Structures are given as C-alpha cells and as structure tokens.
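These are the residues of each chain, in order.
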Amino acid sequence: MDYSQFLAMKQEIGLLAVFLLVFLYDTFMPRGAQKGLPVFTTVLMLLVTLGGFCSYCMAPGGEVSAFAGMYVTSPVIAAIKNILNIGVVIVLIQSIKWTNSEAMTMRRGEFYELLLVTLFGMYLMISGRHFLLFIIGLESASLPLAAMVALDKNRYESHEAAVKYILTAVFSSAIFMMGLSFVYGLTGSMYFNDIYFALTSQRSLLLVMAVAFVIGGIGFKLSLVPFHLWTADVYQGAPTSVTSYLSVISKGATAFAFLVVLNQVFGALYSQVWEVMLYALIILTITVGNLFAIRQRNMKRFLAFSSISQAGYIMLGVIAGNAMGLAAMMYYILVYIFSNLAAFGVIGAIENATGKVSMDDYKGLYKTNPRLSVAMMLAMFSLAGIPPFAGFFSKFFIFTGAINQGSVAIYVLVLIALINTIVSLYYYLLVVKAMFISDDECVVPNFRSACSERLGLWISVGGILALGIVSYFYNSLLELTGVSEMTAYFIG
Amino acid sequence: MEITAIYYLVPALVMFCCGVYGFITRKNMIAMLISLELMLNAVDINFVVFNRYLYPEQMEGMFFTLFAIAIAAAETALAIAIIINIFRAAKNIDVRSLNEMKF
C-alpha cells in the first residue's frame, strides 16, 4: 500500500489531531485545568483553519485522489472546507460561555469531541467519491449531532428535539440507502465516476425512483420543504450553540455534497430527471419557509424557518449547473455563516444572561442593549439581502448564476425567488421593528455580555460588512471554480 | 425450480414497505425503531442480492452491507439512549406525548 496518499488528506488529518488532543486533554487533565478546554479547542481549531489557508495558498495544485479514487481533494474542495472551518471557529468562540456554565461541567468535553467528529464526517462527505465513504461521512455527520441536540440534560425540550431528530434522520438515511441500492443494481458500481458513465445510456422508471430517493435522503439533511418538519422543533429544543452549528455548518457541508452528488453522479440525467424535481423543491422550500417564518414568536424557531428558506436560495446554485453557480453557492454559504452566526450570537448572549428567547422579549431592546440590537439588525439586513451588506451580494450572485443556465423555466424560478425575498423582508424587519420602534418597556435589562460572546459577534459583524464591500472573496472563488475539474460535469 | 434474484428482491421490498408503514402508524417509539430496522435490513438484502446475482465478480455490495449493518447498530444504540432519556423525563414512550413543541 502506498502510504503517501494519506498526504492528500491533510485537512482531515489536522482535524483528527485536534480531536485526539482534545480527547486527551478532556481525559487526563486535572479538574482544575478543565475550564481551559474551550479555549484550548478554539485555539487548535484556529490553527487548523490557518494551516488550511496557508497550505492552500502555497500549493494550490489540481485534483488529487487517494484510495483508488474513493477520496478526492482539489482547490475548490479545500476552499469549502476552509469556509466551514471559519464557521466552526466562530461557533466555538460563541459557545465558550455556555460550555463553562455550571450545567455543562460534566459534559464539556463531549460537546467538543462530538462537534469535531461531525465536522470530520462532513469533510468525508464533501471529499468522498464513492458511496461507501459518502454514507460513512453522512452518518458520522448526523448521528453525533443527535447526541449534541440532547446535551441539555435538564431541559425536556432538548430530549424531545433529539428523539425527533434521530428518528427522522434514520428514516431518511434508510430511504437514501434504498435509492443507492437501486443505483447499484442498475450500474454495478458505487464509484461516482462509474455511475456517471453507466447512466449516460440508461433511462428507466427505477432510475427515476432511485434519484428521487437520493434527493429525499439528502434533502432531509438540508431541510428542503417536504422533508423539513424536524427543523423547527430541533432548532428550538437544542442548546443555542448546537443550533447555530446545525444551521450553518451542517447545512453548508450538505449543500456542497448535494451539488457533488447531483452533478457527478446523476449529471447525465439533469434535464430528464432531477431538474424538474429541484424546481418543485426550491419553490416549495423558499415559499413555505417564508410563510411559516412570519407566524413564529420564538426566535430560534423563527431562525429555523428563515434557514429553511435560505436553503432554498442555496439550492439555486445547485440547479444553475455552471461554474458561476458553484462559486455563488460557496460565497452564499460563507455569507450565510457570518449572518446567521451573528443572529445566533445575539440570541445566545441574551439567553445566557436572562433565559429569554421570545420575540416579544426583544421589544425595546435598543434602549437597554444598543450594541446587541445593532448586531442583530445587521444580521437581519444581511439575511434579508439589503445592500450594502453581504447578504445582498450573495443573493445577487446566486440569482445571476442561476439565470446563466438560460432556460425559460429558470427565469420563472428566479422570479419566484425574488418575490419571496420581498416576503422575507417583512419578517426580518419585524425583529428590527420590535427592537427599535416598539415603545414597550424592555424585559431584558442592560447587561454586559461575556468577552467571548462579544469577540464572536465582532467577527461575524465584521464578516457581514467586509464580505459586502471587498470583492476579493467572490472573485477568488470564481477564479477557483472556473478552472476546477468539477466543471467537466456541469451542463452549462 | 431455479431461485432467481426476484425471489429475494420482492421480500426485501415488502420488508421496506412494512417498515415505512410501521414507522408512520406505530405510537410506541421502540416499535418505530423496529420499523426503521426493518427498512435498513431491506436495504442490506437488496445490496447483497444485486451483488450476488448481477455483479458477482466484485464484492462492493457485500462490503457496503457490512458497513451498513455497523451504521444501523450505531443508530439504534443512540436512538435507544435518547428514548431512555425521554422515558426518565416523561415516564412514557408514546410518540404522541412529544408535543411540547409544534408548528
């Protein structure tokens, strides 16, 4: 066996090293030093992120595959992993206060270990070019998450959310694997490439069903609309740090993996089979997510429905089927990480200080906590897509990428998405209105949030502003995807 | 009489549909878990049969099944742990009692 191929897995090995160090720290350090675990993990993760950026800047290289083509990495894949790493670092910074709280003393290490394992699973999911590796990644990205959702042992909602999550997750992965077994029966291989070439000449009803099953299985993880019912309950019940992780990192990784599977496995079936399926899914996802978000009063539930509709926008990058769509999707994920984490950072800070998560409690927040309100306002503006914040440009690029696909149907789809953007403006502004315009006496007293929470918010808000103004990020992503090997599978 | 692939595929499909039906209709969470297990095992049978009858020169389906069994075991263990937590908190495992959060 050629051991040098492990060098292709630099990022995975780095992450594994962090995991082992955190595990050893958690197991062997004396009780007095345990409080340092959150900072220790955050610093290590920051180092891995920086290392990822450096190795990526110094030696961009082309596509490298290992383990007989089961594992593939390329500059685009390294870039999406780096984007996820940034999000994880922010989540870790924001969760320091919570993991050092009284209730978490016994379970502090578990949170970090489970989080790192799920991130590792997402890496495999993004890099896997064989369905065995893909399934292992998918499962190790979703099973530990159920345990993380159940981490808040004293709250009943946490358990209820966890049981809802695990039952629907297993159900959807069973459906996904059933679809895979049909694909295997039709093509005789589990390699993405072999399936792609075997499917260029095959059309059958079984194949359509298999594609539908696969889309359903991954659509569950992305919470696209017919498969979204778990989302709001899980987001509400889970601890806020876990919710923020679930809503940005898990969603971003799955969206990228979805694009890879649809283009590199079923790319030959684009116009015959899954294009129409995705049209229906995207329209439903954006519309239903928006309409249900309007009536929510709990902030976490509200952001859950907002994230459902955001997933619909992300899917526009998948359906575009061209290099610009891919770049726009990655940019959208990056922007979405910053905006959503800013919103969750404010919610987490207020929840840690006062335990309040209802939108009614945010009335008049500007009078007592002006800085938190401004951060929340920027997050809402960015999520709604108001210029000059980053959210506007990410929406603009993803619409442009989709339009470039060129068919009449896509124009209608983008029009519907645009109308929905206006609808979404209404409910995002409801939060801003509650904070700034409402005359009611605020129930949240003035408080000083923890240093770590403020740092996390500063980074997120900085990201929202910088990504909107500095064009470097999108341009470099577009350059990357333009020369990527993945474009060979695209239609446009 | 020769036993062809269809003799295995039809029971697997029936098992899968029973699993889906059971998952939707059962009220007891453990029974729902059993239904999920039925679905996962139907998938395993499918893989093994496709491998044995259609593509016997390579073992990809068999290996996938081995991994799928391990994954299913992990899923069940985790789900049971969470259901035990629910039982401790609510003193029953009826799925209809999970109505703290809705809509």
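Look up: the structure comes first, before these words.
Small disclaimer: the values here were computed from a predicted structure and weren't measured. (Residues numbered from 1 in each chain as written. Chains lettered and ligands numbered in written order. Predicted model: local features only at pLDDT ≥ 70, side-chain atom pairs only at ≥ 80, totals over all residues. Heavy atoms only, no water.)

Enquirer: Describe the overall build of chain A, and please don't skip the residues or the numbers.
Expert: When helices and strands are counted, chain A shows 19 helices and two strands. Over its C-alpha atoms chain A spans a radius of gyration of 22 Å, differing by no more than 12% from the 23 Å that the globule rule assigns to 492 residues. Overall size of chain A, expressed as C-alpha extent along the three principal axes, is 65 × 55 × 45 Å. Looking at chain A as a whole, 64% of its 492 residues qualify as buried. Restricting the contact set of chain A to residue pairs at least 6 apart, pairs at least 24 apart contribute 80%. For chain A, the accessible surface area stands at approximately 16,600 Å², while carbon and sulfur atoms represent 70% of it. Distance from the positive charge centre (26 side chains) to the negative charge centre (23 side chains) of chain A: 6 Å. (Helix = DSSP H or I, 4+ residues; strand = E, 2+ residues; numbered from the N terminus. Rg over C-alpha atoms; globule rule 2.2 N^0.38 Å. Buried < 20%, exposed > 50% of the residue type's maximum accessible area, 1.4 Å probe, protein only. Contact = heavy atoms within 4.5 Å. Areas by Shrake-Rupley, 256 points an atom, 1.4 Å probe, with all protein chains shown as cover. Lys, Arg positive; Asp, Glu negative; His and termini not counted. Charge placed at Lys NZ, Arg CZ, Asp CG, Glu CD.)

Enquirer: Pulling in residues and values, what's your account of the overall build of chain B?
Expert: Counting its regular elements, chain B contains three helices and zero strands. For chain B, the N- to C-terminal ordering of α and β elements is α-α-α. For a compact globule of 103 residues, the expected C-alpha radius of gyration is about 13 Å, and chain B comes in at 17 Å, more than 25% above that figure. For chain B, the spread of C-alpha atoms along the principal axes amounts to about 50 × 25 × 25 Å. Here chain B holds 103 residues, and 38% of them are scored as buried. Accessible surface computed for chain B: about 5,800 Å², of which carbon and sulfur atoms make up 69%.

Enquirer: Can you lay out the packing of aromatic side chains for me, pointing to particular residues and giving the numbers?
Expert: Aromatic rings considered in pairs are described by the distance between their centres and by the relative angle of their planes. Residues and elements named next belong to chain A. According to the stated counting rule, one finds 38 aromatic pairs over all chains in the structure shown. Centre to centre, the rings of Phe111 and Tyr112 are 5.1 Å apart; their planes meet at 75°, and the pair counts as edge-to-face. Phe111 sits in the buried class, given a relative accessible area of 0%. Pairing Tyr196 with Tyr489 gives two aromatic rings, centres 5.1 Å apart and planes at 90°, and the pair type is edge-to-face. Here Tyr489 lies in the segment after α19 (472-482) and Tyr196 lies in helix α7 (residues 192-199), a separation of 293 residues in the sequence. Since its relative accessible area comes to 16%, Tyr489 is described here as buried. (Phe/Tyr/Trp six-rings, centres within 6.5 Å; stacked < 30°, edge-to-face > 60°.)

Enquirer: Which residues make up helix α1 (residues 10-28) of chain A, and what values go with them?
Expert: All names here are of chain A. The terminal C-alpha atoms of α1 lie 27 Å apart, and with 19 residues this matches the ideal 27 Å at 1.5 Å per residue to within 8%. Among all positions in α1, only Gln11, Glu12, Leu15, Val18, Val22 and Tyr25 are buried. The arc that holds the buried residues of α1, viewed along the axis, is 155°, so those residues lie on one side. Looking at α1, the residues exposed on the side facing more than 90 degrees away from the buried face are Lys10 and Phe28. (Expected span 1.5 Å × (residues − 1). Arc of directions from axis to C-beta.)

Enquirer: Can you explain the pattern of salt bridges? Please cite residues and give values.
Expert: This structure, assessed with the given rule, holds nine salt bridges over all chains. Each of Glu160(A), Lys164(A), Asp233(A) and Arg301(A) takes part in one network of salt bridges that share partners. (Salt bridge = Lys/Arg side-chain N within 4 Å of Asp/Glu carboxyl O.)

Enquirer: Give a description of the interface of chain B and chain A that names residues and reports values.
Expert: Counting residues at the interface gives 40 residues for chain B and 45 residues for chain A. Both sides together, the interface formed by chain B and chain A hides about 3,800 Å², and carbon and sulfur atoms give 78% of it. When residues of chain B are sorted by the area they lose upon contact with chain A, Glu60(B), Phe64(B) and Met101(B) head the list and together hold 19% of the total. Our count for the chain B to chain A interface comes out at zero salt bridges. Counting across the chain B and chain A interface gives 12 residue pairs in polar contact (both at pLDDT 80 or more). Going through the elements one at a time, α1 (6-25), α2 (29-54) and α3 (60-90) of chain B are the ones with two or more residues in the side of chain B that touches chain A. (Buried area = accessible area lost by both parts, 1.4 Å probe. Polar contact = N/O pair within 3.5 Å; in protein donor to acceptor, adjacent residues only side chain to side chain.)

Enquirer: Describe the nonpolar core, listing the residues and the values that go with them.
Expert: All names here are of chain A. Grouped together as the largest cluster of nonpolar side chains are 210 residues, with contacts concentrated most on Phe131, Tyr245, Phe256, Phe266 and Met376. Ranked by residue count, the leading element in this core is helix α13 (residues 323-354), at 22 residues. Leave out the neighbours within four places in its chain, and Met376 touches Met299, Ala343, Val346, Ile347, Tyr362, Val431 and Met435. Counting six residues, the second largest nonpolar core, distinct from the first, contains Ala8, Met9, Leu124 and Leu133. (Core = buried A, V, L, I, M, F, W, Y, C linked by side-chain atoms within 4.5 Å.)

Enquirer: An account of the packing of helix α3 (residues 75-99) of chain A against helix α4 (residues 108-127) of chain A is needed here, citing residue identities and associated values.
Expert: All names here are of chain A. Two numbers describe how α3 lies on α4: the axes approach to 11 Å, and their chain directions differ by 165°. Between α3 and α4, the angle is such that the two are roughly antiparallel. For the crossing formed where α3 meets α4, the hand is right-handed. Contact residues: Ile77, Ile80, Lys81, Leu84, Asn85, Val88, Leu92, Ser95, Ile96, Trp98 and Thr99 in α3; Arg108, Phe111, Tyr112, Leu115, Leu119, Tyr123, Ile126 and Ser127 in α4. (Axes fitted to C-alpha atoms, helices over the stretch in contact; angles between N-to-C directions. Parallel < 35°, antiparallel > 145°, perpendicular 65-115°, else oblique. Left-handed = near helix turned anticlockwise from the far one by under 90°.)

Enquirer: Describe in detail helix α10 (residues 240-264) of chain A, supporting the description with residues and values.
Expert: Over its 25 residues, α10(A) runs 35 Å from end to end, which matches the ideal 36 Å to within 8%, given 1.5 Å per residue. Of all the bends found along α10(A), the most pronounced is centred on Leu246(A) and spans about 30°. (Bend = angle between axes of the 7 residues up to and from the residue.)

Enquirer: Lay out the packing of α4(A) against α10(A) with the relevant residues and their values.
Expert: Residue and element names in this part refer to chain A. At a closest axis distance of 9 Å, the pairing of α4 and α10 adopts a crossing angle of 15°. The angle between α4 and α10 falls in the class roughly parallel. You can see that α4 and α10 cross each other, and the crossing is left-handed. Listed contacts from α10 to Phe111, Leu115, Thr118, Leu119, Met122, Met125 and Ile126 of α4 are Ser241, Val242, Tyr245, Ile249, Ser250, Ala253, Thr254, Phe256 and Ala257. When the residues that make up the contact of α4 with α10 are grouped by side-chain class, the tally is 12 nonpolar, four polar and no charged. (Nonpolar A, V, L, I, M, F, W, Y, C, P; charged D, E, K, R; others polar.)

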